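Structural features, examined
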Amino acid sequence: MVGTLHHLELWVPDLNRAQQEWGWLLGQLGYRQFQDWPDGRSWKLGQTYLVVEQSSALSAPSHDRLRPGLNHLAFHVGDLLETIVEGAAAHGWTLMFADRHPYAGGSGHRAAYLHNFDGFEIELVATPDPHTD
């Protein structure tokens, strides 16, 4: 357990939207709803949970992944890559680098890069491509 991620907390400007976007994505990845309170919600997989919270202490109206701080989160998705990508737009996620999908991360790295309305980016890393070394 030492060194594993315990939890990650994302502050969001719109909790309802975040619950829909993140709830769908995390559900696809096997997370289950863990906690729920007026300003937040969390989902858990194993011993790790992810929180979205609309805090009254927010200092800006949106997340900017290009500023110092969190750029993106990367999740292992196994064989679910295309299934998640196909459903993403209906749940608030937009495919980035569509012209290079699924190799936007380079040859032999099968992944999808998505961002949501609030500017959070995720990388969905597939199982290794059987056609590359």
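**Some words on the sheet that holds strand β1 (residues 7-11)**
Read across the sheet, four strands follow the order β1-β4-β3-β2 without closing on themselves; strand pairing throughout is mixed. The sheet is open, and its two borders are formed by β1 and β2 (32-37), each paired with just one other strand. For this sheet, the mean angle separating the axes of adjacent strands, direction not counted, is 20°. Pairing between β2 and strand β3 (residues 40-45): five bridges, direction antiparallel. Note that in β3 the partner of Gln35 across the bridge is Ser42. Where helix α1 (residues 15-28) meets the sheet, it contacts β1, β2, β3 and β4 (48-53), and its direction lies at approximately 5° from that of β3.

**Topic: the pairing of strand β7 (residues 111-116)**
β7 sits mainly inside the fold: five of its six residues count as buried. As paired elements, strand β6 (residues 93-96) and β7 share four bridges and run antiparallel to each other. Each residue of the ladder has a partner; that of Thr94, found in β7, is His115. Relative to strand β8 (residues 121-126), β7 runs antiparallel, the two being bridged by five bridges. Across the sheet, the residue bridging to Tyr113 is Glu123, located in β8. Connecting the antiparallel pair β7 and β8 is a turn made up of four residues, with Gly119 showing a positive phi of about 90°.

Criteria and cut-off values
Residues numbered from 1 in each chain as written. Predicted model: local features only at pLDDT ≥ 70, side-chain atom pairs only at ≥ 80, totals over all residues. Heavy atoms only, no water. Pairing = 2+ DSSP bridges. Helix = DSSP H or I, 4+ residues; strand = E, 2+ residues; numbered from the N terminus. Axes fitted to C-alpha atoms, helices over the stretch in contact; angles between N-to-C directions. Contact = heavy atoms within 4.5 Å. Buried < 20%, exposed > 50% of the residue type's maximum accessible area, 1.4 Å probe, protein only.

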